[in-house]
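Below are the chains, spelled out letter by letter.
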Amino acid sequence: MIKRPAGRFFIMPTTKDIISALAPLADATRGPAMRAYMREQFPFLGIATPARRAAVKPLIRAFTGAAPAELIGVAGELWQMPEREYLYAALDLMAAHWKQFNASDVPELLAFVPRKSWWDSVDGLAGIIGDVLRFEHHEMDKALKHENFWMRRIALLHQLGWRGKTDEMRLFRYSLALGHENEFFIQKAIGWALRDYARHAPHNVAHFINENKNSLARLSIREACKHLAPED
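Just so it is clear, the model here is predicted, and its values are computed rather than measured.

Secondary structure assignment for the protein yields 13 helices and 2 strands. Here the protein has a C-alpha radius of gyration of 19 Å; the compact-globule value for 232 residues is 17 Å, and the two agree. With the C-alpha coordinates of the protein rotated into their principal frame, the extents come out at 55 × 45 × 35 Å. The long-range fraction of contacts in the protein, counting pairs at least 24 apart against all pairs at least 6 apart in sequence, stands at 70%. Total accessible area on the protein is roughly 11,700 Å²; 54% of this is exposed by carbon and sulfur atoms. Side-chain charges in the protein split into 31 positive and 26 negative, and the spacing between the mean points of these groups amounts to 3 Å.

Have a look at this one:
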């Protein structure tokens, strides 16, 4: 039971409620194409994103006021389901209620990263963790050194969208620390993070790239420079 600010109690939806909302929407004609897009790694119910979100929106809204442990518990149960749409519902749940988490919950959020990892789940978690950290960097130095490259990707991407609140020196330090890696998803993340910050500080990013072009992969540089003007 959850107590709303007004003092009334209500019954929080369960994982089964979310599953019951999504299962009837399964479309066997769409599932194979969605699975192929993810390189045949995960089965899909075949539900389009707008339909999935509309089906679970009332249930997700009902988690307002839930404790972090309750949110993580339900998300964890959804994460275990084979079909990818349930994992997306878990991400939607945590993203909708990110204000109910705090920095002490980041290790539990990071625990999702190595489970059924691919860019879709990891990038969703990066956005949630970035919101929860609110311009801080708890656990990110540790993630940067993690043996799992998806964890390192989280460290690179956790500042996306922070613009003027971005810790520029940290961004550049992280980029150089992983600049030697051959992993595609790391090289891409470096470029993405730099490109995102370049919307706020294009000259600083251009200077960083010019000074360190021998320490960054071509893919990272190409991605970072996509929206830089020639004069930068």
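A word on the confidence of the model for the protein. With 95% of its residues at a pLDDT of at least 70, the protein reaches an overall mean of 95. Within the model, the stretch residues 1–7 combines pLDDT values under 50 with 14 contacts to residues more than four positions away or in other chains.

Turning our attention to the nonpolar core. Counting residues in hydrophobic clusters, the biggest one holds 73 residues, and the most contacted among them are Ile 18, Met 94, Met 140 and Ile 154. Aside from chain neighbours lying at most four places away, what touches Ile 18 is Val 56, Leu 59, Phe 63, Val 74, Leu 78 and Ala 89.

Unusually for a residue other than glycine, Arg 39 sits at a positive phi of about 60°. Relative to the elements of secondary structure, Arg 39 occurs in the loop between α2 (31–37) and α3 (49–61). For Glu 139, which is not glycine, the phi torsion reads 75° and is therefore positive. As for its position among the elements, Glu 139 is in the loop between α7 (119–133) and α8 (140–144).

It is at 9 Å that the axes of helix α1 (residues 15–22) and helix α4 (residues 68–79) come closest, and there the two elements cross at 45°. By the angle between their axes, α1 is oblique relative to α4. Like other packed secondary-structure pairs, α1 and α4 cross with a definite hand, here right-handed. Facing Thr 15, Ile 18 and Ile 19 of α1, the residues of α4 in contact are Val 74, Glu 77 and Leu 78. A class-by-class count of the residues in the contact of α1 with α4 yields 4 nonpolar, 1 polar and 1 charged.

For the rest of this paragraph, the subject is the packing of aromatic side chains. Within a pair of aromatic rings, the relevant descriptors are the distance that separates the centres and the angle that separates the planes. In the structure shown here, the tally under the stated rule is 12 aromatic pairs. Each ring, one from Phe 135 and one from Trp 162, has its centre 5.2 Å from the other, and the planes form 80°; the classification is edge-to-face. Placement of Phe 135 in the loop between α7 and α8 and of Trp 162 in the loop between α9 (149–157) and α10 (168–178) is noted, with a sequence separation of 27 residues between them. Considering the side-chain rings of Phe 184 and Phe 185, the 5.2 Å spacing of their centres and the 80° angle between planes classify their relative orientation as edge-to-face. On the accessibility criterion, Phe 184 (42% relative accessible area) is partly exposed. With relative accessibility at 11%, the residue Phe 185 sits in the buried group. The structure contains a cluster of three or more aromatic residues connected by ring pairs, namely Trp 118, Phe 149, Trp 150, Phe 184 and Phe 185.

Cut-off values and rules
- Residues numbered from 1 in each chain as written.
- Predicted model: local features only at pLDDT ≥ 70, side-chain atom pairs only at ≥ 80, totals over all residues.
- Heavy atoms only, no water.
- Helix = DSSP H or I, 4+ residues; strand = E, 2+ residues; numbered from the N terminus.
- Rg over C-alpha atoms; globule rule 2.2 N^0.38 Å.
- Contact = heavy atoms within 4.5 Å.
- Areas by Shrake-Rupley, 256 points an atom, 1.4 Å probe, with all protein chains shown as cover.
- Lys, Arg positive; Asp, Glu negative; His and termini not counted.
- Charge placed at Lys NZ, Arg CZ, Asp CG, Glu CD.
- pLDDT = per-residue confidence, 0-100.
- Core = buried A, V, L, I, M, F, W, Y, C linked by side-chain atoms within 4.5 Å.
- Buried < 20%, exposed > 50% of the residue type's maximum accessible area, 1.4 Å probe, protein only.
- Axes fitted to C-alpha atoms, helices over the stretch in contact; angles between N-to-C directions.
- Parallel < 35°, antiparallel > 145°, perpendicular 65-115°, else oblique.
- Left-handed = near helix turned anticlockwise from the far one by under 90°.
- Nonpolar A, V, L, I, M, F, W, Y, C, P; charged D, E, K, R; others polar.
- Phe/Tyr/Trp six-rings, centres within 6.5 Å; stacked < 30°, edge-to-face > 60°.

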